[in-house]
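Chain residues, written in single-letter form:
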Amino acid sequence: MKFLILIGGIIGFSIGLLFGWAFESPYPSVLWKSCMAAYAAGWLMKWWGGMWAKSLKAALRDSGNQDASSDDNQSPDAYPSQPTEAVTQS
């Protein structure tokens, strides 16, 4: 998680620098805006990483339950091609 926050901070700071220089802002303003962008991007990466980890755990848990339930089923086909009882017309 700390790695994602660090990556988000670096990306945010870089974006802040690039936009500051593109708009030809004074250097103290560029530094301040870059720091705020680093903070925001780090916070967003922390949130996104948490959501990603929760979804990954849920997917692994569901996949584990699916494997366990498929072992209980002895029939290879869930829907047999022929009915088991003969159908007669009266």
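See the structure shown above.
Residues numbered from 1 in each chain as written. Predicted model: local features only at pLDDT ≥ 70, side-chain atom pairs only at ≥ 80, totals over all residues. Heavy atoms only, no water.

Caption draft 1: Region of the structure containing the overall build of the protein. Counting secondary structure elements, the protein contains two helices and zero strands. The 90 residues of the protein split such that 14% are buried. Across the protein, contacts joining residues at least 24 apart in sequence account for 58% of those joining residues at least 6 apart. Only carbon and sulfur atoms are counted for the fraction: they give 65% of the accessible area of the protein, which is about 8,000 Å². (Helix = DSSP H or I, 4+ residues; strand = E, 2+ residues; numbered from the N terminus. Buried < 20%, exposed > 50% of the residue type's maximum accessible area, 1.4 Å probe, protein only. Contact = heavy atoms within 4.5 Å. Areas by Shrake-Rupley, 256 points an atom, 1.4 Å probe, with all protein chains shown as cover.)

Caption draft 2: Seen up close, the packing of aromatic side chains. Here the structure, examined in full by the defined rule, presents two aromatic pairs. Ring geometry for F19 against F23: centres 6.3 Å apart, planes inclined by 20°, an arrangement best described as stacked. Overall, F19 belongs to the exposed group, its relative accessible area being 51%. Judged by relative accessible area, which is 63%, F23 ranks as exposed. (Phe/Tyr/Trp six-rings, centres within 6.5 Å; stacked < 30°, edge-to-face > 60°.)

Caption draft 3: How the structure looks around a nonpolar patch on the surface. Residues Y39, W43, L44, W47, W48, M51, W52, L56 and L60 make up a contiguous nonpolar surface patch of roughly 1,100 Å² in combined accessible area. Mapping M51 onto the fold places it in helix 2 (residues 27–72). (Patch = residues over 30% accessible without salt bridge, like charges linked within 9 Å, V, L, I, M, F, W, Y side chains within 5 Å. Salt bridge = Lys/Arg side-chain N within 4 Å of Asp/Glu carboxyl O.)

Caption draft 4: Representation of helix 1 (residues 2–22) in the model. Taking 1.5 Å per residue, 21 residues should reach 30 Å; helix 1 reaches 30 Å between its end C-alpha atoms and fits that length. E24 occupies a position one or two residues after helix 1 and carries a positive phi of about 55°. (Expected span 1.5 Å × (residues − 1).)

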